[in-house]
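# Geometric and topological summary
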Amino acid sequence: MKLLSRSFFQQPTLTVARELIGARLHFQNHSGIITETEAYIGQDDPACHAARGLTPRTKVMFGPPGFSYVYLIYGMYHCLNIVTETENFPAAVLIRGVMCDNDHIHLNGPGKLCKAWGITKKNNNTDICLSNHFFVTTGTPSVNVLTTPRIGIKVGIKHLWRFVMSKNDINKLLDI
DNA sequence: ACCCCGATCGTA
DNA sequence: ACGATCGGGGTT
């Protein structure tokens, strides 16, 4: 089980989003296998929060890769992202699904994950390459991954930038 | 100061 | 299909 380093998150966002499927996310006393991600890529991606430039909220996305980007959505749910690519190129991967290690509960949805694990804006801008309570390691290798359009957006739908672990591989995780 | 709207989710 | 709920960001 190897720690995913800054050089991993510095790769193209689509590569990171794809490779994070099957990796293991650790947060405080929680851990689980990532089953679903989405890529948000730079100022030319209309669905990316940073599309309209640098603001107090999107500042993290303009920073170095490997930092958490946590924001509040719809006034009640938090979403966890990990910043990707080089500094000053605003991009991130949204973590949308995790299979919890302990109880095998499948947290299928970014709001459900943050609610279940207690991830809030307090955890924004954390360096997950250096933290010892918030990091990502290698997990289940060579899983099958499907791509679809991203969920819940009205623009940028043409891109297949959502990555989902195959139903078959998710079911295997339930058996472990 | 004001207004619109959103990378969601549970309920109907 | 729809409402809850509130902060971010643009506009006046």
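Quick summary incoming for the structure in this document. (Residues numbered from 1 in each chain as written. Chains lettered and ligands numbered in written order. Predicted model: local features only at pLDDT ≥ 70, side-chain atom pairs only at ≥ 80, totals over all residues. Heavy atoms only, no water.)

Counting 37 residues, the largest nonpolar core has Phe9, Leu20, Leu25, Leu80, Ile95, Trp117 and Val136 as the members making the most contacts within it. Per-element tally for this core: the top contributor is strand E5 (residues 91-100), with five residues. Ranked by size, the runner-up nonpolar core spans 14 residues in total, among them Ala47, Cys48, Phe67 and Tyr69. (Core = buried A, V, L, I, M, F, W, Y, C linked by side-chain atoms within 4.5 Å. Buried < 20%, exposed > 50% of the residue type's maximum accessible area, 1.4 Å probe, protein only. Helix = DSSP H or I, 4+ residues; strand = E, 2+ residues; numbered from the N terminus.)

All right, on to the protein's contact with DNA strand C then. Taken together, Arg52, Thr55, Pro56, Arg57, Thr58, Leu72, Tyr74, Gly75, Met76 and Lys121 are the residues near DNA strand C. Considering the 4 Å shell around the protein, atoms of DNA strand C inside it are sugar or phosphate in 68% of instances. Contact between DNA strand C and Arg57: a sugar or linking oxygen at 3.3 Å from a side-chain N or O atom of the residue. Considered class by class, the residues forming the surface near DNA strand C number four nonpolar, three polar and three charged. (Near = heavy atom within 4 Å. Polar contact = N/O pair within 3.5 Å; in protein donor to acceptor, adjacent residues only side chain to side chain. Nonpolar A, V, L, I, M, F, W, Y, C, P; charged D, E, K, R; others polar.)

In this section: unusual backbone geometry. Non-glycine residue Tyr74 carries a positive phi angle of around 55°. Among the structural elements, Tyr74 can be located in the loop between strand E3 (68-73) and strand E4 (77-83). Residue classification places Tyr74 among the exposed residues on the basis of a relative accessible area of 65%. Phi is positive for Ser142, close to 45°, though the residue is something other than glycine. Tracing the sequence through the fold places Ser142 in the loop between strand E7 (134-137) and strand E8 (145-148).

Time to look at the packing of aromatic side chains. Summed over all chains, the structure comprises three aromatic pairs. Ring centres 5.0 Å apart and planes at 85° place the aromatic pair Phe8 and Phe9 in the edge-to-face group. Side by side, Phe8 and Phe9 carry an identical accessibility label, which is buried. Between Phe27 and Phe134, the aromatic rings sit 4.9 Å apart at their centres with planes inclined by 75°, giving edge-to-face as the arrangement. Here Phe27, found in strand E1 (residues 24-27), pairs with Phe134, found in strand E7; they are 107 residues apart in sequence, far enough to count as distant. For the pair Phe27 and Phe134, one class covers both residues: buried. The lysine or arginine in question, Arg57, covers the ring of Tyr71, its NZ or CZ lying 5.8 Å from the ring centre. (Phe/Tyr/Trp six-rings, centres within 6.5 Å; stacked < 30°, edge-to-face > 60°. Lys NZ or Arg CZ within 6 Å of the ring centre and 35° of its normal.)

Looking at the element boundaries, Tyr77 is found in strand E4. Put simply, Tyr77 and Cys129 are 52 residues apart on the chain and 25 Å apart in space, counted from C-alpha to C-alpha. With sequence-adjacent residues up to four places away left out, Tyr77 is seen in contact with Tyr71, Leu72 and Gly111. (Contact = heavy atoms within 4.5 Å.)

It is worth spelling out the protein's contact with DNA strand B at this point. In the neighbourhood of DNA strand B, 22 residues make up the surrounding shell, with His49, Tyr71, Asn81, Gly109 and Gly111 lying closest. A share of 54% of the atoms of DNA strand B within 4 Å of the protein falls on sugar and phosphate groups. Contact between DNA strand B and Tyr40: a sugar or linking oxygen at 3.3 Å from a side-chain N or O atom of the residue. Between DNA strand B and the protein, one listed contact pairs a phosphate oxygen with a backbone N or O atom of Gly111 at 2.7 Å.

All we've got here are geometric facts, nothing functional implied.
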